[in-house]
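# Structure assessment
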Amino acid sequence: MPMVLRFAVITIVLVALSARPEPQTVEAADARPTSAGSNTQLQIAETQFTINGRPTFLHGISYYGALGARRQFVVRDLDDMQRHGVNWIRVWATWSAFDNDVSAVDNEGRARESYMEKLEWLVAECDRRGMIVDVTLTRGEGRLGNAHVSVFDKHARALETLASEMKPWRNWYIDMANEHNIRTTKLSTKFVPFDEARELRDRLKKVDPKRLVTISYVRDLSKEDVRAYLFKVQVDFLSPHRPRSPDSAGQTARTTRQYLTWMRQLGRVIPVHYQEPFRRDFSRGWQPTAEDFATDLRGAIQGGAAGWCFHNGDNRWGQEAQPRRSFDMRKHRLFEQLDSVELEAVRKLAALVVKTESN
């Protein structure tokens, strides 16, 4: 082939190659579905959750600072979760632990675009996998410096923003205010009274009427608390955070049955969902064992709960709070930070869930 012709052929090939579109990487966000196009739909049937119409126990894990983790970390963690029977994660939309603000909404309740896009990507990735996402907000500032929507209007705007931005996906629910009954202290302004909680719920449901909504409570509930959630706030499910003590795991079955009995007496029955039980490195006096976690999960299942979470977080007493686990995953992904007891627990819990599903 003459040199001039050869040069012309090479030039044509190079031009054609340069015109080809860039291949998408795992960093690219999935296309936004329509509501009907969501792969994974979370709904409720009396005391149970359903995924795509099938009654499903939600077996979860805390993944609070997910919006600060590298996407490749998230993908690998999700792979590990699914290998261990985990089908939902709890993620914070207002999180700024250790001076690292990864909140999806700002303190005015408006979207922070890069982190909102990350949240949408995460929800879409879980949707593809058949997994559920708990999106949690907290009002005020706590021990870890969580970003706050400090007053009602800002808080309501944040809920409206999340409901609007992520409306196409049906595989997530929202905890409007984590542990909303904690009164204002030097470290926290979390308190959201019941009447405000109802207004927040109504504002969110106006944007997305079918979105499942809860608001979490620290300590065991009284019958009057249950009545308030059922009829005053009108949540879609209860999410109490049980006490963290050596004997709490042995009480979970009985406590769950009590909630269900009260609801039947009151005339409205909804699921009981344990989204934040005890964890390791929370107190100096007690370190839960793998068997403690298994006992608690077993009690939740036997008592009739609809879901339970393997909770984890920072070491309150360790140097620089290490390991920080789900509270900070910038340098290491979650499964690289779990200690040997937690890894044993994850394996035990997976076997329990498999046994439950086979019965």
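Each chain carries its own residue numbering, running from 1 in the written order of its sequence. Where local features are concerned, this predicted model is filtered to residues with pLDDT of at least 70; where side-chain atom pairs are given and counted, the filter is 80 or more; whole-chain, interface and lining totals use all residues. In computing side-chain values, all of the structure's heavy atoms are included and hydrogens and water are not.

## As for the overall build of the chain
Of regular secondary structure, the chain possesses 10 helices and 12 strands. Here the chain holds 359 residues, and the buried ones make up 53% of them. A separation of at least 24 residues holds for 73% of the contacts in the chain among residues at least 6 apart in sequence. Helix and strand assignments come from DSSP, with helices taken as H or I runs of at least 4 residues and strands as E runs of at least 2, each series counted from the N terminus. Here's how the labels work: a residue is buried when its accessible area is under 20% of the maximum for its type, exposed when over 50%, partly exposed in between, all with a 1.4 Å probe on protein chains only. Residues count as neighbours in contact if any of their non-hydrogen atoms are within 4.5 Å of one another.

## Focus: helix α3 (residues 113-129)
Helix span, expected: 1.5 Å multiplied by one less than the number of residues in the helix. With 17 residues, α3 extends 24 Å from end C-alpha to end C-alpha; this agrees with the ideal 24 Å at 1.5 Å per step. Taking burial as the measure, the 17 residues of α3 include 12 buried ones, the bulk of the element. Residues of α3 that are buried include every one of Met116, Lys118, Leu119, Glu120, Trp121, Leu122, Val123, Ala124, Glu125, Cys126, Asp127 and Arg129, and no others. Contact partners of the buried residues in α3: α2 (71-83), β5 (88-92), β6 (132-136), α4 (152-165) and β7 (172-175). Directly beyond the C-terminal end of α3, a positive phi value near 80° is found at Gly130.

## Remarks on the packing of helix α6 (residues 223-233) against helix α7 (residues 252-266)
As a packed pair, α6 and α7 sit with axes 10 Å apart at the nearest point and diverge in direction by 60°. On the basis of their axis angle, the class for α6 and α7 is oblique. Crossing handedness for the pair α6 and α7: right-handed. For the pair formed by α6 and α7, the contact residues are Lys223, Val226, Arg227, Leu230 and Phe231 on the first element and Tyr259, Trp262, Met263, Gln265 and Leu266 on the second. Residue classes follow a fixed rule: Ala, Val, Leu, Ile, Met, Phe, Trp, Tyr, Cys and Pro count as nonpolar, while Asp, Glu, Lys and Arg count as charged, and any other residue, Gly among them, counts as polar. Of the residues assigned to the contact of α6 with α7, the class counts are 7 nonpolar, 1 polar and 2 charged. Here, axes are lines fitted to C-alpha atoms. For helices the fit covers the stretch in contact, and angles between N-to-C directions go from 0 to 180 degrees. An angle counts as roughly parallel when it lies under 35 degrees, as roughly antiparallel when it exceeds 145, as roughly perpendicular when it falls between 65 and 115, and as oblique in every other case. Handedness of a crossing follows from how the near helix is turned relative to the far one, being left-handed for an anticlockwise turn of less than a right angle and right-handed for a clockwise one.

## Section: the nonpolar core
Residues belong to one nonpolar core when they are buried, are Ala, Val, Leu, Ile, Met, Phe, Trp, Tyr or Cys, and are joined through side-chain atoms within 4.5 Å. Residues Met81, Ile89, Leu119 and Leu162 are the most contacted members of the largest nonpolar core, which totals 89 residues. Broken down by element, this core gets its largest block of residues, 7 residues, from α3. Residues within four places of Leu162 in sequence aside, it is in contact with Ala93, Val105, Met116, Leu119, Val135, Leu137, Trp172 and Ile174. Formed by 11 residues, the second largest nonpolar core is a distinct cluster that contains Leu42, Ile51, Leu58 and Phe237.

## Here's the deal with helix α10 (residues 340-358)
Compared with the 27 Å implied by 1.5 Å per residue over 19 residues, the 28 Å span of α10 between its first and last C-alpha is a close match. Taken residue by residue, α10 has Glu342, Ala345, Val346, Leu349, Ala350, Leu352 and Val353 as its buried positions. End-on view of α10: buried residues confined to an arc of 170°, all on one side of the axis. Exposed residues on α10 whose side chains face more than 90 degrees from its buried face are Ser340, Arg347, Val354, Lys355 and Ser358. This arc is taken over the directions from the axis of the helix to the C-beta atoms.

## As for empty space enclosed by the protein
Using only the protein atoms, space was sampled on a 1 Å grid; points where a 1.4 Å probe fits but cannot get out form cavities, open sets with protein on both sides within 12 Å along at least five of seven lines form pockets, and lining residues are those with an atom within 4 Å of a point. Grid points are joined across faces, edges and corners, and a volume is the space filled by probe spheres set on the points. According to the stated counting rule, one finds 4 cavities of 30 Å³ or more in the structure shown. Roughly 50 Å³ of internal volume is contained in the largest cavity. Residue lining of the largest cavity: Pro240, His241, Arg242, Pro243, Ser248, Thr252, Tyr274, Glu276, Pro277, Phe278, Asp296 and Trp308, and that is the complete set. Across the lining of the largest cavity, the residue classes break down as 6 nonpolar, 3 polar and 3 charged. The space that makes up the second largest cavity amounts to roughly 40 Å³. Gly65, Gly68, Trp95, Ala97, Asn100, Val102, Phe327, Asp328, Met329 and Arg330 together form the lining of the second largest cavity. Within the lining of the second largest cavity, the residues separate by chemical class into 5 nonpolar, 3 polar and 2 charged.

## Observations regarding the packing of aromatic side chains
Note on aromatic pairs: the rings of Phe, Tyr and Trp (six-membered ring only in Trp) are paired at centre separations within 6.5 Å, and the planes decide the class, stacked below 30 degrees, edge-to-face beyond 60, tilted for the rest. In total, this model carries 14 aromatic pairs according to the counting rule given. Ring geometry for Tyr64 versus Trp92: centroids 4.3 Å apart, planes at 35°, classification tilted. Here the residue Tyr64 occupies a position in the loop between β4 (58-62) and α2, and Trp92 occupies one in strand β5, the gap between them amounting to 28 residues. Look at Trp92 and you get buried, because its relative accessible area is 3%. Site record: aromatic cluster; members linked through ring pairs are Phe49, Trp88, Tyr173 and Phe237. Taking the ring centre of Phe282 as reference, the NZ or CZ of Arg244 above it sits at 4.3 Å. Directly above the aromatic system of Phe98 lies the positively charged group of Arg324, at a separation of 3.8 Å from the ring centroid. Note on geometry: a ring has a charge over it if NZ (lysine) or CZ (arginine) is within 6 Å of the ring centre and within 35 degrees of the ring normal.

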